[in-house]
Amino acid sequence: MATITAQLPAEQGFRTQRLVAYGERRILESGPDGLRLLGAEALFQAAPLAE
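Residues numbered from 1 in each chain as written. Predicted model: local features only at pLDDT ≥ 70, side-chain atom pairs only at ≥ 80, totals over all residues. Heavy atoms only, no water.

Here we take up the overall build of the protein chain. In terms of regular secondary structure, the protein chain is built from 1 helix and 2 strands. In sequence order, the protein chain lays out its α and β elements as α-β-β. Overall size of the protein chain, expressed as C-alpha extent along the three principal axes, is 60 × 20 × 15 Å. Residues classed as buried in the protein chain amount to 6% of the 51 residues present. Residue pairs at least 24 apart in sequence account for 33% of intrachain contacts in the protein chain once pairs closer than 6 positions are excluded. Accessible area of the protein chain: about 4700 Å², with a carbon and sulfur share of 52%. (Helix = DSSP H or I, 4+ residues; strand = E, 2+ residues; numbered from the N terminus. Buried < 20%, exposed > 50% of the residue type's maximum accessible area, 1.4 Å probe, protein only. Contact = heavy atoms within 4.5 Å. Areas by Shrake-Rupley, 256 points an atom, 1.4 Å probe, with all protein chains shown as cover.)

In the sheet, strand β1 (residues 18–31) pairs with strand β2 (residues 34–47) via 13 bridges, with the strands oriented antiparallel. Bridge assignment links leucine 19 to a residue of β2, and that residue is alanine 46. Between the antiparallel neighbours β1 and β2 lie 2 residues. (Pairing = 2+ DSSP bridges.)

Topologically, threonine 3 is positioned in helix α1 (residues 2–6). Considered as a pair, threonine 3 and glutamate 41 are 38 residues apart in the sequence and their alpha carbons are 29 Å apart.

See below:
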């Protein structure tokens, strides 16, 4: 990641942010045949760029 962010300097108008997935939100449907997954969305939170 450091190599990529070094090629996107803030002086040229770039802004970088590291996001880390911490969970998932799911939309389920319950019917006579059981549960069915209709959709899933990853949940992200900001993390430091340098680790």
